[in-house]
Amino acid sequence: MKIIFLGPPGAGKGTQAAIVCEKLGIAHISTGDILRSEMKGNTPLGVSAKEYIEKGQLVPDSLVIAMVEKRFKADDCANGYLLDGFPRTIEQAKALDGITDIDKVINLEVPFEQIVERISSRRTCSECAGIFSVRDVADGICPKCSGKLYQRPDDMDETVRKRLKVYEEMTAPLIDYYSQKGSMVTLDGNRGIDVVTADVLAALEQAKI
Ligand code: AMP
């Protein structure tokens, strides 16, 4: 099964994607996670991406599309995959159309005020990329792998506002793009994690029929 998660930063895409991919046994492809790992490794792609990510801007389409195409060739994609944070522009969506068909697009909706609150309390694991709320991990240690948690620099104040603006301008048009294709379902992401997961799985079950 091939799935896309759409939604603004902080809508819960990463949290839901990790749960759903484990349940379905498909690959979790988070372009943000891949770019952060390239940055950590100081690779040429990581160095190029850093200047955009730090400013809350999108990394150029050509770089991200090439990165995703390479990722699709990995063995773990054979059973299917879930795209988390890709596509983020119409150009990326068109490039993806040229590569593969998608079974289902899940659009997670969360009000902007809620997003700012969620992102400011978000902590990310430097080892496994797990996502937590600072309220649940006061010791700064990842409950899954004991890695060190950190606050992403682009999760801080001004950059978050910039990312939300970029989302409105560049990514929100994908909602129309995919609803016209008839493969999209919009879910209220402003609920408990388990409730949202149940709705996501029900929507994917329907897509199989
Ligand atoms: P995320 O972890 O999905 O919030 O992504 C963090 C940052 O990585 C974004 O703010 C962008 O700068 C960059 N990024 C991730 N995915 C993409 C993409 N599909 N296209 C362009 N930039 C991306």
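Residues numbered from 1 in each chain as written. Predicted model: local features only at pLDDT ≥ 70, side-chain atom pairs only at ≥ 80, totals over all residues. Heavy atoms only, no water.

**Student:** Before we go on, may I ask you to explain the site of the ligand in this structure?
**Tutor:** Around the ligand lies a shell of 16 residues, among which T31, R36, Q57, G85 and Q92 are the nearest. At 2.9 Å from an oxygen atom of the ligand is found a side-chain nitrogen or oxygen belonging to R36. Expressed as a share of its isolated accessible area of 480 Å², the protein-covered part of the ligand is 96%. When grouped by side-chain class, the residues that make up the shell around the ligand number six nonpolar, five polar and five charged. (Near = heavy atom within 4 Å. Polar contact = N/O pair within 3.5 Å; in protein donor to acceptor, adjacent residues only side chain to side chain. Areas by Shrake-Rupley, 256 points an atom, 1.4 Å probe, with all protein chains shown as cover. Nonpolar A, V, L, I, M, F, W, Y, C, P; charged D, E, K, R; others polar.)

**Student:** Whenever I open this one, unusual backbone geometry confuses me. Can you help?
**Tutor:** Negative phi values dominate among residues other than glycine, just as trans dominates among peptide bonds. At the junction of F86 and P87, the peptide bond is cis and its omega measures out at -5° in the coordinates. Summarising the element assignment, P87 is placed in the loop between β3 (81-84) and α5 (90-97). The phi dihedral of N42 is positive, around 55°, even though this residue is not glycine. Of note, N42 is situated in the loop between α2 (31-40) and α3 (44-54). Overall, the relative accessible area of 58% leaves N42 in the exposed class. Phi angles above zero are rare outside glycine, and S146 is one such case at about 65°. (Helix = DSSP H or I, 4+ residues; strand = E, 2+ residues; numbered from the N terminus. Buried < 20%, exposed > 50% of the residue type's maximum accessible area, 1.4 Å probe, protein only.)

**Student:** When you look at the packing of helix α6 (residues 112-120) against helix α7 (residues 157-171) in this model, what are you seeing that I'm missing?
**Tutor:** When two helices pack together, their arrangement is given by the angle between the helix axes and the distance between those axes. As a packed pair, α6 and α7 sit with axes 11 Å apart at the nearest point and diverge in direction by 135°. Relative to α7, α6 is oriented oblique. For α6 against α7, the interelement crossing comes out right-handed. Contacts between α6 and α7 involve F112, I115, V116 and I119 from the former and V160, L164, Y167 and E168 from the latter. Among the residues making up the contact of α6 with α7, the classes are represented as seven nonpolar, no polar and one charged. (Axes fitted to C-alpha atoms, helices over the stretch in contact; angles between N-to-C directions. Parallel < 35°, antiparallel > 145°, perpendicular 65-115°, else oblique. Left-handed = near helix turned anticlockwise from the far one by under 90°. Contact = heavy atoms within 4.5 Å.)

**Student:** For this particular structure, what's the right way to read the packing of aromatic side chains?
**Tutor:** The description of two aromatic rings rests on the distance between their centres and on the angle between their planes. This structure, assessed with the given rule, holds two aromatic pairs. Taking the centre distance of 4.4 Å and the plane angle of 15° together, the rings of F72 and Y81 count as stacked. Taken individually, F72 and Y81 each receive the classification buried, so the pair is uniform in this respect. Ring centres 5.1 Å apart and planes at 85° place the aromatic pair Y177 and Y178 in the edge-to-face group. As far as the burial class goes, Y177 and Y178 line up, both buried. (Phe/Tyr/Trp six-rings, centres within 6.5 Å; stacked < 30°, edge-to-face > 60°.)

**Student:** What's the story with the pairing of strand β4 (residues 104-109) in this structure? I'm lost.
**Tutor:** In summary, the side chains of a regular strand alternate between the two faces of the sheet. Burial of β4 is extensive: five of the six residues sit out of reach of the surface. Here strand β1 (residues 2-6) pairs with β4 via four bridges, running parallel. In the sheet register, I4 faces β4, and the bridge partner there is V105. Two elements, β4 and strand β8 (residues 184-188), share five bridges in a ladder whose sense is parallel. Bridged to V105 within β8 is M184. (Pairing = 2+ DSSP bridges.)

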